Amino acid sequence: MRLRLAPVEYKVCATADCGGTYEGERCPHCHAAFDPTRGQKELADRLILVAVDPAMYEQTHRCRCPVCKNLFDLREENVVVRAQCHHCAQPLFSRTQLRMLWKDTDTLLQRARKLERGRRRLEVCPHCAGSIPLEPWCPLARTVPHASEVSGLPQNSSVVWVRTFHSGASLEELQHTAPDGAWGTVSEELTSTLDEEPTDAEQY
Ligand SMILES: [Zn+2]
Ligand SMILES: [Zn+2]
Ligand SMILES: [Zn+2]
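Residues numbered from 1 in each chain as written. Chains lettered and ligands numbered in written order. Predicted model: local features only at pLDDT ≥ 70, side-chain atom pairs only at ≥ 80, totals over all residues.

Novice: Sorry if this is basic, but what is going on with the overall build of the protein here?
Specialist: When its secondary structure is counted, the protein shows five helices and six strands. Start at the N end of the protein and walk to the C end: the helices and strands fall as β-β-β-β-β-α-α-α-β-α-α. Across the 204 residues in the protein, those meeting the buried criterion constitute 20%. (Helix = DSSP H or I, 4+ residues; strand = E, 2+ residues; numbered from the N terminus. Buried ≥ 20, exposed ≤ 12 C-beta atoms within 10 Å, placed from the backbone.)

Right, here's the structure in full:
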């Protein structure tokens, strides 16, 4: 078990006048569930406990939108959806075209970027001639203006740490949610001495 300073992902509540920040599925202040099309995910450097079992935080990859800096998850299904026409649901590219498009790609992000380039070159669906909408991949683009000529896809993914919730409270929560009022006067004396240097009598 050790402490390390790590970039931790947190959510910003989108409820008007709330703006709470949290790591779970719901805002602890107004109890609204997180909506990735309205709420931003950001990064903060925090001290976290690592090498504990079960893990409190795990490393994952996120896309950071070059426009609004929102962090979002890129999934295979997002790429699958954009490989099809949104009018007639036919594939926009043949298998051969896809194989060529993706020939030197290793990651899902690289495939998404190549696919986006292909969509923009195509402009209309080869089956129904419907136009291919230019929608940024960042989920916040649905509520926050992003220019349509940007893909919202970064060059590289970012490594972030995300709370697992396999175990109880995090250090962050201990500092914010423990009710001070419940401790009474005995602990007030303790509180006033906690930031003092230990005396010679107290050998830790
Ligand atoms: Zn809230
Ligand atoms: Zn964005
Ligand atoms: Zn079509």
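From this point, the narrative continues.
Novice: Which parts of the structure should I look at to understand the environment of V124?
Specialist: Within the secondary structure, V124 is located in the loop between α3 (108-122) and β6 (158-163). A C-alpha to C-alpha distance of 8.8 Å links V124 and L92, two positions 32 residues apart in sequence. Discounting residues that sit within four places of it in the chain, V124 has contacts with A129, G130, S131 and I132. (Contact = placed C-beta atoms within 7 Å.)

Novice: Would you mind going over the pairing of strand β4 (residues 57-64) with me for this structure?
Specialist: Each regular strand displays side chains that alternate between the two surfaces of the sheet. Relative to β6, β4 runs antiparallel, the two being bridged by six bridges. Within β6, the position partnered with Q59 by the bridge is W161. Relative to strand β5 (residues 71-72), β4 is paired through two bridges, and the arrangement is antiparallel. Pairing of C63 across the sheet is with F72, part of β5. Between β4 and β5, which pair antiparallel and follow one another directly, the connecting turn spans six residues, one of which, K69, has a positive phi of 70°. (Pairing = 2+ DSSP bridges.)

Novice: Would you explain the confidence of the model for the protein in this entry?
Specialist: Close inspection of predicted coordinates is inappropriate for parts of the model with low pLDDT. Summing up the model confidence of the protein, the mean pLDDT is 87 and the portion of residues at 70 or higher is 81%. No element of the protein has a lower mean pLDDT than helix α4 (residues 171-177), which averages 58, and none a higher one than β5, which averages 97. (pLDDT = per-residue confidence, 0-100.)

Novice: Looking at this structure, how should I read the environment of E149?
Specialist: Here E149 lies in the loop between α3 and β6. A tally of 8 C-beta atoms within 10 Å means that E149 is categorised as exposed. Considered as a pair, E149 and P136 are 13 residues apart in the sequence and their alpha carbons are 7.9 Å apart.

Novice: What is the right way to read α3 from this model?
Specialist: Taking 1.5 Å of rise per residue, 15 residues should cover 21 Å, and α3 covers 21 Å from first to last C-alpha, within 8% of that figure. Residues of α3 that are buried include every one of L109, A112, L115 and R119, and no others. Take α3 and look down its axis: the buried residues cluster within an arc of 120°, on one side only. Exposed side of α3, more than 90 degrees from the buried face: R117 and R121 are the residues found there. Buried residues along α3 sit against β4, α1 (76-82) and α2 (95-101). Looking one or two places after α3, you find E123, whose phi comes out positive at around 65°. (Expected span 1.5 Å × (residues − 1). Arc of directions from axis to C-beta.)

Novice: Mind showing me how you'd approach unusual backbone geometry here?
Specialist: Outside of glycine, negative phi angles account for most residues, and trans bonds account for most peptide bonds. Here the bond from D53 into P54 is cis, since omega is 0°, no more than 30 degrees from zero. Here P54 lies in the loop between β3 (41-50) and β4. For H31, which is not glycine, the phi dihedral falls at a positive 65°. With respect to the helices and strands, H31 occurs in the loop between β2 (21-22) and β3. The backbone phi angle of A129 is positive, close to 60°, even though this residue is not glycine.

Novice: Sorry, what's going on with the environment of F72 here?
Specialist: Summarising the element assignment, F72 is placed in strand β5. Contact partners of F72, with chain neighbours within four places excluded, come to P36, K41, R62, C63, C65, C138 and P139.

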